[in-house]
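# Chains, contacts and geometry: an overview
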Amino acid sequence: MPIDLFMTQLSPTMTEGKIARWLKKEGDELVSGEVLAEIETDKATMEMEVIDEGVLHKILSPEGSIVPVGMPIAVIAEEDEQVPADYEPEGLVMTAAEVANDASAEEAVALAAESAPSAQPAPMITHADDDEHALNLKPAGIFNADGEYDVVVIGAGPGGYVAAIRAAQLGFKVACIESTHLGGICLNWGCIPTKALLRTAELVNVIKHHGKELGLGVEEANPDLVQAVTRSRGISEKLNKGIGFLFKKNKIEHIEGYAKFEAGNKLIVEGKDGSREVTAKHVIVATGAKARAFPGMEVDEKVVITYKQALVPTKLPENLVVIGSGAIGMEFAYFYNAMGSKVTVIEAADQILPLEDHEISKVVERSFKKQGIKVITGAMVSSAKNVDGKAIVEYEAKGKAQSIEGDICLVAVGVLGNTDHIGAENTSMKVERNQIEVDDYYRTDHAGVYALGDVVGAPALAHVASHEGIVCVEAIAGMNPHAVDYGNVPGCTYCQPQVGSCGLTEKAAKEAGHNIKVGRMSYAPNGKAMGLAETEGMVKTIFDVETGELLGAHIVGAEATELIVSLGLARTLETTEEDLAHHMFPHPTLSEMIHESVLDADGKAIHI
């Protein structure tokens, strides 16, 4: 017997829905859990999933139809079932126009909605028409309508390779152009190998500072720089091969070479075997970034170096000068100090980790000084150069010109988007200061060309690029995804003590006009922290007094980069101070400090 499929009430307030797109056509087999159609309501675009299996016999409401909840929209038949030609669904067989003209229709639709089958919708975007969440979008378009590929991604870093895989999952024919290493800077020369080196440094410091109290029987480590570097390179190589496997699994073609746009909507790839044109309906630029150096910083990659050379030292410098105290600078300062170098960090701002909350930065600065790292803030570097094989850094601090000598100087003052050699001038893309202008779905001003990751500007973080890649591709597929919330990007620094943060700093919250209350909890009295011999650090939570909104969260100490995830999720879910206060945290854990910090904001902390 045929099954009538009704317009389902996909949200509590939904009274009608617009058939945006049928993902199945008449005659298709329907399998439970598959997406049958996309339905637009006044607040969201939702996916209607298949519940009753069979064959889609007849579509009653074509794309574009506005259908009241409870009205039939299709007929499902069993396989090989013969449905009479004059079959009509039971219930309210009315058009939307007829409903509008029928005085009793509203009541009838309400009754029908009560008996209509329920579904489990997968929301795709909410509040798309709400002024507060209105999307900033450029016109959509196609790069090459006759393209061999649906999507071509330039760059296989964390933004590019994730975008490529998601595009393949959505059924697109995909190619990814990458000249060197799959995984980009992050996997090969950034996030991953540095974390491997930092693990070595962490264990060296555990032995040095806590070996005796932990009963390890050893109080001095003898770190092997070459072995530590070899291990880090091996991990990068393994993950590089892993991405190659994922490309094969998802049928993504890896095109080796350098991509460049040419006039007439052409994309040319220069490879080891010459040049070729690659045609695509959509092109995503994910070319990443390179190390920045300000005027006067003469990087020669031998004495004045960037992160790439810092990752593969052949010998340990006796004296290392680090210019810049962002995450890159601080992590290398920590590593080289642990391995035995004398380290000096020079920062132009009045605090290290300039983007972090001031209290959090102070904890790290105190810790670094205890470890023997010299920190100079408020210092403007005028030059850094190789003079007779030594790094000479000149700077001004407290109104005085000063200089410092090191065996090596690491320049860690940020990154610059890789836009110089992609032929952007042959497109309509807007590029300013090596940054490509994009909208909320990463469309550029050139039809069918998108850009994401470091090449579109700060925050230059791997997890941001990956998230942007997914949003970009799902938008290309017409799925209307949520735009990235740049106000809730987790920031992580992996030196010891670690730093994890999300949302506003205390200073920023006040400047934004919030009436705030702040909670704090030290690591020192926490039982788990004592057991780990990691009692240095604190948790800081910032709330809006009137609404209870968690405006910002900041953690410095052991496993801060893991702990911050829960508070970032709390912000995403719009969890309030009251919700967090009433949540039960397990004991003994470091996470209990989050609870105590929340309670402290209201003067109710137990262990302070």
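In what follows, the structure referred to is the one given above.
Residues numbered from 1 in each chain as written. Predicted model: local features only at pLDDT ≥ 70, side-chain atom pairs only at ≥ 80, totals over all residues. Heavy atoms only, no water.

Attention now moves to the packing of aromatic side chains. Taken as a whole, this structure holds three aromatic pairs when the rule is applied. Ring centres of Phe332 and Tyr336 lie 6.4 Å apart, and the angle between their planes is 45°; this geometry places the pair in the tilted category. Here Tyr336 and Phe332 lie together in helix H8 (residues 327-339), a separation of four residues that amounts to about one turn. Between Phe335 and Tyr336 the ring centres are 5.3 Å apart and the planes differ by 80°, which places this aromatic pair in the edge-to-face class. Since its relative accessible area comes to 3%, Tyr336 is described here as buried. One aromatic cluster in this structure is built from Phe332, Phe335 and Tyr336. Above the plane of the ring of Tyr149 lies Lys173, whose end atom (NZ or CZ) is 5.2 Å from the centre. (Phe/Tyr/Trp six-rings, centres within 6.5 Å; stacked < 30°, edge-to-face > 60°. Helix = DSSP H or I, 4+ residues; strand = E, 2+ residues; numbered from the N terminus. Buried < 20%, exposed > 50% of the residue type's maximum accessible area, 1.4 Å probe, protein only. Lys NZ or Arg CZ within 6 Å of the ring centre and 35° of its normal.)

With respect to the secondary-structure elements, Glu468 resides in helix H10 (residues 462-476). Of note is the side chain of Glu468, whose polar atom sits 2.5 Å from the side chain of Tyr486. Not counting residues up to four positions away in its chain, the partners in contact with Glu468 are Tyr442, Leu452, Gly453, Val456, Val484 and Tyr486. (Polar contact = N/O pair within 3.5 Å; in protein donor to acceptor, adjacent residues only side chain to side chain. Contact = heavy atoms within 4.5 Å.)

Turning next to helix H15 (residues 592-600). Burial of H15 is extensive: eight of the nine residues sit out of reach of the surface. Along H15, the residues classified as buried are Glu592, Met593, Ile594, His595, Glu596, Ser597, Val598 and Leu599. Buried-residue contacts for H15 involve strand E32 (516-522), strand E33 (538-544), helix H13 (560-572) and helix H14 (577-582).

What follows is about a nonpolar patch on the surface. On the surface, Leu214, Leu216 and Val218 cluster together to form a nonpolar patch covering roughly 220 Å² of accessible area. Take Val218: it is sitting in the loop between helix H5 (191-210) and helix H6 (225-249). (Patch = residues over 30% accessible without salt bridge, like charges linked within 9 Å, V, L, I, M, F, W, Y side chains within 5 Å. Areas by Shrake-Rupley, 256 points an atom, 1.4 Å probe, with all protein chains shown as cover. Salt bridge = Lys/Arg side-chain N within 4 Å of Asp/Glu carboxyl O.)

Now for the nonpolar core. Counting 53 residues, the largest nonpolar core has Phe247, Phe261, Leu267, Ile284 and Val285 as its most contacted members. Among the elements that take part in this core, helix H3 (residues 160-169) stands out by supplying seven residues, more than any other. Those residues in contact with Val285 that sit more than four places away from it in its chain are Ile154, Phe261, Ile422, Ile436, Val449, Tyr450, Ala451, Leu452 and Val455. Ranked by size, the runner-up nonpolar core spans 38 residues in total, among them Ala338, Leu353, Ile408 and Met538. (Core = buried A, V, L, I, M, F, W, Y, C linked by side-chain atoms within 4.5 Å.)

All right, on to the pairing of strand E25 (residues 408-411) then. Neither face of E25 is exposed, since Ile408 and Leu410 on one face and Cys409 and Val411 on the opposite face are all buried. Note that strand E18 (residues 304-305) and E25 share two bridges and pair parallel. When the sheet's bridge partners are listed, Val304 is paired in E25 with Cys409. Pairing geometry for strand E19 (residues 319-323) and E25, over four bridges, is parallel. The partner of Val322 across the bridge, within E25, is Leu410. (Pairing = 2+ DSSP bridges.)

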